[in-house]
Amino acid sequence: MDNNTVYLNGDYLPLSDAKISVMDRGFLFGDGIYEVIPSYSGHLFHFEQHMERLENSLTLIRLENPHDSAKWREILTPLLDANLDQSIYIQITRGVAAKRDHTFPANIIPTVFAMSSNIVGFTDLESGAKAISIDDSRWGLCNVKAITLLANILLRQQAVDRGCAEAILVKDGYVTEGAASNIFAVIDGILITPPKGREILAGVTRDVILELARDNDIACSEDIISLDALKTASEIWLTSSTREIIPVVQLDNETIANGKPGPVWKTINHLFQTYKKSKP
Ligand SMILES: Cc1ncc(COP(=O)(O)O)c(C=O)c1O
């Protein structure tokens, strides 16, 4: 099926025909979660890890998973195209209520939506990206992949308005992650990423990178990173399923190292590209 066909509550239909009620709690309250799974040549990458995170997000917002993993795969398969690298988007909201009321309605049926789009990726890998650091103004449950993304949107837009690719978020002097990505830094020769917790979304790409680093004897640790320490890093990367591993070469107008993607990034990016093709 082409990217124009979407899944909504049991049906496959053209994107322009997919409609939901204005009483959907996703629309009224942002009461829902989402997941993004990359698909390379028709194969969902790390499907089970994405399913685990989906389950975790649902549990944290007290919504039962409407499907098991096998059923999710069955639902998504018709959206895949063997000739494309795609990003598969899943959204589940608490559903359509009779009236607008904060309290969970009884016997509500969740709204389930899925669509695909082409992965464009970050096109300027040779030169790297610019980023800004900015106060992390998000809520206290950043481990939930919540559709309520207003803070992330406003933060990312501030970066874009300043000619940067991403906003690096800082809470109480420590970096958490990007507005839509996880962060890695090479400091004193060690690859560091902040630990999992309620301050960050546990990225699937993040886990793959840690696994690749450990398997290839690249010194790495999951540890807190102060903004001051980040400013001394020889490399900074931002990672996500759709943008993969972006080397940051400028932070807050200051050049990082020699202003080019670093050697550890080159090694990991090469390993990642090979791994991605070998292990759907
Ligand atoms: C806030 C945030 N952190 C981290 C990530 C990276 O997660 P993943 O690698 O699973 O795409 C994302 C992805 O969109 C994100 O929105």
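Source: prediction; values computed, not measured.

1. Notes on helix 7 (residues 263-278)
- With 16 residues, helix 7 ought to run about 22 Å at 1.5 Å a step, and its terminal C-alpha atoms sit 23 Å apart, in line with that.
- Here helix 7 has its buried residues at Val-264, Trp-265 and Ile-268. Looking straight down helix 7, one finds that the buried residues subtend no more than 90° of arc, so they occupy a single side. Along helix 7, exposed side chains directed more than 90 degrees from the buried face belong to Pro-263, His-270, Gln-273, Thr-274, Lys-277 and Ser-278.
- Packing partners of the buried residues in helix 7 comprise strand 10 (182-187), strand 11 (190-193), helix 5 (204-215), strand 13 (235-240) and strand 14 (244-251).

2. Remarks on the sheet that holds strand 3 (residues 32-40)
- Ordered by their spatial adjacency, six strands build an open sheet running 2-1-6-5-3-4, and the pairing between neighbours is antiparallel. The sheet is open, and its two edges are formed by strand 2 (11-14) and strand 4 (43-44), each paired on a single side.
- Sheet analysis places strand 1 (residues 5-8) next to strand 2, joined by four bridges and oriented antiparallel. Across the sheet, the residue bridging to Val-6 is Leu-13, located in strand 2.
- Against the sheet, helix 2 (residues 47-60) contacts strand 3, strand 4 and strand 5 (85-93), and its axis sits at roughly 175° relative to strand 3.

3. Here we look at the site of the ligand
- Close to the ligand lie 13 residues, the nearest being Leu-201, Gly-203, Val-204, Thr-205 and Ser-241.
- Counting only elements with at least two residues in the shell around the ligand, the list comes to helix 5 and strand 13.
- When residues in the shell around the ligand are grouped by element, the largest group, three residues, is from helix 5.

4. Some details on the nonpolar core
- By size, the foremost hydrophobic cluster in this structure holds 39 residues, and its most contacted members are Ala-131, Ala-167, Ile-168, Ala-185, Ile-236, Trp-237 and Val-248.
- Looking at this core, the element that brings in the most residues is strand 14, giving five residues.
- If we skip the residues at most four places from it in the chain, Ala-185 touches Ile-192, Ile-225, Leu-230, Ala-233, Glu-235 and Ile-236.
- Membership of the second largest hydrophobic core comes to 16 residues, among which are Tyr-7, Ile-37, Trp-72 and Ala-114.

5. Thoughts on the pairing of strand 3
- Alignment of strand 3 against strand 5, held across nine bridges, turns out to be antiparallel. By the bridge assignment, Gly-32 is partnered in strand 5 with Thr-93.
- Where strand 3 and strand 4 come together, two bridges link them in antiparallel fashion. Bridge pairing links Ser-39 to Leu-44 in strand 4.
- The turn joining strand 3 and strand 4, which pair antiparallel and follow one another in sequence, is formed by two residues; a positive phi near 50° is taken by Ser-41.

6. Here we look at the pairing of strand 14
- With seven of eight residues buried, strand 14 is to be regarded as a mostly interior element.
- Pairing between strand 7 (residues 129-135) and strand 14: three bridges, direction parallel. Opposite Ala-131, over in strand 14, you have Leu-251 as the bridge partner.
- When strand 13 meets strand 14, the two strands line up antiparallel, connected through five bridges. Bridge assignment links Ile-236 to a residue of strand 14, and that residue is Val-248.

7. Section: unusual backbone geometry
- Notably, Ser-41 is not glycine yet its phi reads approximately 50°, a positive angle.
- Along the chain, Ser-41 falls in the loop between strand 3 and strand 4.
- Look at Asp-252: it is not a glycine, yet its phi comes out positive at around 50°.
- As for its placement among the helices and strands, Asp-252 is situated in the loop between strand 14 and strand 15 (254-255).
- Taking the C-beta count within 10 Å as the criterion, Asp-252 has 15 such neighbours and is therefore assigned partly exposed.

8. Considerations on the domain arrangement of the protein chain
- By the assigned domains, the protein chain splits into domain 1 (5-118) and domain 2 (129-278).
- Computed over C-alpha atoms only, the centres of domain 1 and domain 2 are separated by 26 Å.
- The interface of domain 1 with domain 2 comprises 19 residues on the first partner and 14 residues on the second.
- For the side of domain 1 that touches domain 2, the secondary structure elements donating two or more residues are strand 3, helix 2 and strand 5.

What counts and how
- Here the residue numbers are simple positions, counted from 1 along each chain's written sequence.
- With pLDDT at 70 or above as the cut-off, local features in this predicted model cover only qualifying residues; side-chain atom pairs require 80 or more to be listed or tallied, and sums for whole chains, interfaces and linings still use all residues.
- Only DSSP runs of H or I covering at least 4 residues are called helices, and only runs of E covering at least 2 are called strands; the numbering of each starts at the N terminus.
- Every helix has an expected span of 1.5 Å times one less than the residues it contains.
- Exposed residues have 12 or fewer other C-beta atoms within 10 Å of their own C-beta, buried residues have 20 or more, and residues in between are partly exposed; the C-beta atoms are placed from the backbone.
- Starting at the helix axis, one direction is taken to each C-beta atom, and the arc is that of these directions.
- Contact definition: two residues whose C-beta atoms, as placed from backbone geometry, lie within 7 Å.
- Two strands qualify as a pair provided DSSP detects at least 2 bridges between them.
- Axis definition: a line fitted to C-alpha atoms, over the contacting stretch in the case of helices. Angles run 0 to 180 degrees between N-to-C directions.
- We call a residue near a molecule or strand if the C-beta atom, set from the backbone, is within 6 Å of it.
- Structurally, a nonpolar core is described as a collection of buried Ala, Val, Leu, Ile, Met, Phe, Trp, Tyr and Cys residues joined by way of C-beta atoms within 7 Å.
- The split of the chain into domains comes from an automatic or database domain assignment.

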